[in-house]
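The lines below spell out each chain.
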Amino acid sequence: MGKVRLIYDETTNQFKEVGFAGELNTAGTRKVLQGALRYCLHGNKLFLPKDQTTISDNHRLCWGLIRSEELHLFPYDLFDIDLPINPLDVSTPFYGIGFGTMYSKRHYETKEGRIPVRNYISQNVIDNISENPEVLLDVNKEDFESLMAEIFARMGFDVDLYRSTKDDGIDFLATRINNKETKIFCVQCKHPDKAKNGRNRKAMSVATVRELYGVAKANNLDGCLAISSSRYSSAAKKFSDLKSEEIKIANEKDVINWIKKYRWEKDE
């Protein structure tokens with residue numbers, strides 16, 4: 001039982017030959033994830049077409065993998081011809097036809113590399129917070145990041161959750177395709193400690209929002225979102241309003257509303 005590895009060019013609806021395949025380190029993987037070739041990544045392995053003009057002309061590309069038993073669905077001359085069907089319409093990863101844009105909504109970064117996961121956090125945690133919002137305070141910081149990553153996946157984003165150490169100021173990437181246009185956002189989550197001695201929990205500062213916006217700009221991303229399980233300062237709100245199309249901020253009320261709205265996972 002053989003299989004053919006290829007590149008699918010969605011712009012032209014053609015298959016392209018693979019010209020490069022190589023494993024990337026964490027830094028290299030993150031860099032690719034933040035750009036137009038993110039769907040050419042399979043785990044930490046990057047696949048690029050032999051025809052480099054598809055990259056320079058900004059075509060929408062992704063890796064593809066087809067078992068030999070399924071090749072009858074496509075023309076005998078596989079590469080560089082217009083396909084009679086959209087391959088994404090017949091994508092069945094478990095039966096032999098898989099493409100990068102449809103492979104997995106959730107990836108998690110480990111020491112060993114980038115892996116697909118079914119969920120970022122237990123459904124029990126989501127159920128518990130939905131029914132008892134006050135227990136959000138009992139969630140640790142790492143689980144809060146996982147919780148937000150899961151909620152964004154349920155919103156319809158493709159999510160890449162970074163390791164909690166050396167995250168370059170990004171907790172996860174949230175990517176969405178609208179009208180064949182890919183938008184990539186960086187997200188940072190703040191989960192302040194419980195209040196003590198009657199004091200309020202720490203508010204998200206304007207410095208946090210400014211820093212995240214700088215990270216988004218430095219990496220040529222489409223925007224950023226700063227999430228606090230507490231509140232944000234008036235200065236943070238004022239700064240985000242200056243670039244409202246690029247900067248979004250959220251507080252505890254938003255977080256609880258999201259958890260309740262996306263408590264139940266829809267079919268993907």
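Along each chain, residues carry numbers from 1 onward, in the same order as the chain's sequence is written. This being a predicted model, a pLDDT of at least 70 is required before a residue's local features are given, and a value of 80 or more before pairs of side-chain atoms are given or counted; all residues contribute to the totals for chains, interfaces and linings. Hydrogens and waters are ignored; side-chain quantities use all the structure's heavy atoms.

Further remarks concern the sheet that holds strand β6 (residues 61-67). Strands sit in the order β2-β1-β6-β7 across an open sheet of four strands; the sheet is antiparallel. Each edge of the sheet is formed by a strand with only one pairing partner; in this case those strands are β2 (14-16) and β7 (97-99). If you compare each strand with its neighbour and ignore which way they point, the axes differ by 35° on average. Two strands pair if DSSP finds at least two bridges between them. A run of H or I in DSSP counts as a helix once it spans at least four residues, and a run of E counts as a strand once it spans at least two, with each numbered from the N terminus. Sheet analysis places β6 next to β7, joined by three bridges and oriented antiparallel. Among the inter-strand pairings, G64 is bridged to a residue of β7, identified as F99. The angle between two axes is taken between their N-to-C directions and runs from 0 to 180 degrees, where each axis is a line fitted to C-alpha atoms and a helix contributes only its stretch in contact.

Another point: helix α5 (residues 206-218). For an α-helix the count is 3.6 residues per turn, leaving residues at separations of three or four pointing the same way. By this rule the span expected of a helix is its residue count minus one, scaled by 1.5 Å. The end-to-end C-alpha separation of α5 is 18 Å, in line with the 18 Å expected for 13 residues at 1.5 Å each. Using a 1.4 Å probe on the protein chains alone, a residue whose accessible area is under 20% of its type maximum counts as buried, one over 50% counts as exposed, and one in between counts as partly exposed. Taken together, the buried positions of α5 are V206, T208, V209, L212, Y213, V215 and A216. Those residues of α5 hidden inside the fold are in contact with β12 (181-190), β13 (203-204), β14 (223-228), α6 (234-242) and β16 (247-250). N220, located one to two residues past α5, shows a positive phi value of around 55°. We call two residues in contact when some of their heavy atoms are within 4.5 Å.

Helix packing geometry: the angle between the two helix axes and the distance between the axes. Between helix α3 (residues 123-131) and helix α7 (residues 252-261), whose axes approach to 9 Å, the crossing angle comes to 120°. With respect to each other, α3 and α7 are oriented oblique. The element α3 and its partner α7 pack so that their crossing is left-handed. The segment α3 lies against α7, with I126, I129 and S130 engaging I256, I259 and K260. Among the residues making up the contact of α3 with α7, the classes are represented as four nonpolar, one polar and one charged. Comment on the angle field: the value is read as roughly parallel under 35 degrees, roughly antiparallel over 145, roughly perpendicular from 65 to 115, and oblique elsewhere. By definition, turning the near helix anticlockwise from the far helix through less than a right angle yields a left-handed crossing, and turning it clockwise yields a right-handed one. Note on residue classes: Ala, Val, Leu, Ile, Met, Phe, Trp, Tyr, Cys and Pro are nonpolar, Asp, Glu, Lys and Arg are charged, and everything else, Gly too, is polar.

All right, on to the layout of surface pockets then. Lining residues are defined by having an atom within 4 Å of a point belonging to a cavity or pocket. Those points lie on a 1 Å grid over the protein atoms alone, cavities being sets where a 1.4 Å probe fits but cannot get out and pockets being open sets with protein on both sides within 12 Å along at least five of seven lines. Grid points are joined across faces, edges and corners, and a volume is the space filled by probe spheres set on the points. As a volume, the second largest pocket reaches approximately 340 Å³. Surrounding the second largest pocket, 20 residues form its lining, G35, A36, R60, E181 and T182 being those nearest its centre. Within the residue set of the lining of the second largest pocket, elements represented by two or more residues are β6 and β12. Residue contributions to the lining of the second largest pocket peak at three residues, all from β12. Classifying every residue of the lining of the second largest pocket by side-chain character gives six nonpolar, eight polar and six charged.

Before going further, it helps to examine the environment of R114. By secondary structure assignment, the location of R114 is in strand β9 (residues 114-116). For the pair R114 and T26, spaced 88 residues apart in sequence, the C-alpha separation works out to 8.3 Å. R114 has contacts with T29, L33, R38, L41, G43, N44, H107, Y108, E109 and D160, leaving out every residue within four places of it along the chain. Of note is the side chain of R114, whose polar atom sits 2.6 Å from the side chain of D160. Throughout this description, a polar contact denotes any pair of N or O atoms lying within 3.5 Å of each other; where both atoms belong to protein, one of them has to be capable of donating a hydrogen while the other can accept it, and for residues adjacent in sequence the pair is counted only when both atoms sit in side chains.

Moving on, we get to the pattern of salt bridges. Salt-bridge detection follows one rule: a side-chain nitrogen of Lys or Arg within 4 Å of a carboxyl oxygen of Asp or Glu. In this structure the tally under the stated criterion is 19 salt bridges. A salt bridge links K50 to E17, with the nearest nitrogen and oxygen atoms 3.5 Å apart. Placement of K50 in the loop between β5 (45-49) and α2 (53-56) and of E17 in the loop between β2 and β3 (18-23) is noted, with a sequence separation of 33 residues between them. On the basis of relative accessibility, which here comes to 52%, the residue K50 falls in the exposed class. One salt bridge connects D127 with R263, and the closest N-O pair in it is separated by 3.0 Å. Taken together, the residues span a long stretch of sequence, with D127 in helix α3 and R263 in the segment after α7 at a distance of 136 residues. Linked through salt bridges whose partners overlap, the residues forming this network are R30, E109, R163 and D168.

To count as a disulfide, a pair of cysteine sulfur atoms needs to be within 2.5 Å. Evaluation of the coordinates by the stated rule reveals zero disulfides. Distance from the sulfur of C186, which forms no disulfide, to the nearest cysteine sulfur (C224) is 5.2 Å. For C186, a relative accessible area of 0% translates into the label buried. In this structure C189 is not part of a disulfide, and its nearest cysteine sulfur, from C186, lies 11 Å away.

Another point: empty space enclosed by the protein. Counted according to the given criterion, the structure contains two cavities of 30 Å³ or more. What the largest cavity holds in volume is close to 90 Å³. Lining the largest cavity are 15 residues, with Y39, G100, S104, H107 and R114 positioned closest to its centre. Elements represented by at least two residues in the lining of the largest cavity include exactly β4 (41-42) and β10 (158-161). Here the lining of the largest cavity gets three residues from one element, more than from any other, and that element is β10. The residue inventory of the lining of the largest cavity, partitioned by class, reads five nonpolar, five polar and five charged. Taken as a whole, the second largest cavity holds about 40 Å³ of empty space. Along the walls of the second largest cavity sit T29, L33, H107, Y108, E109, R114, D160, L161 and Y162, which together make up its complete lining.

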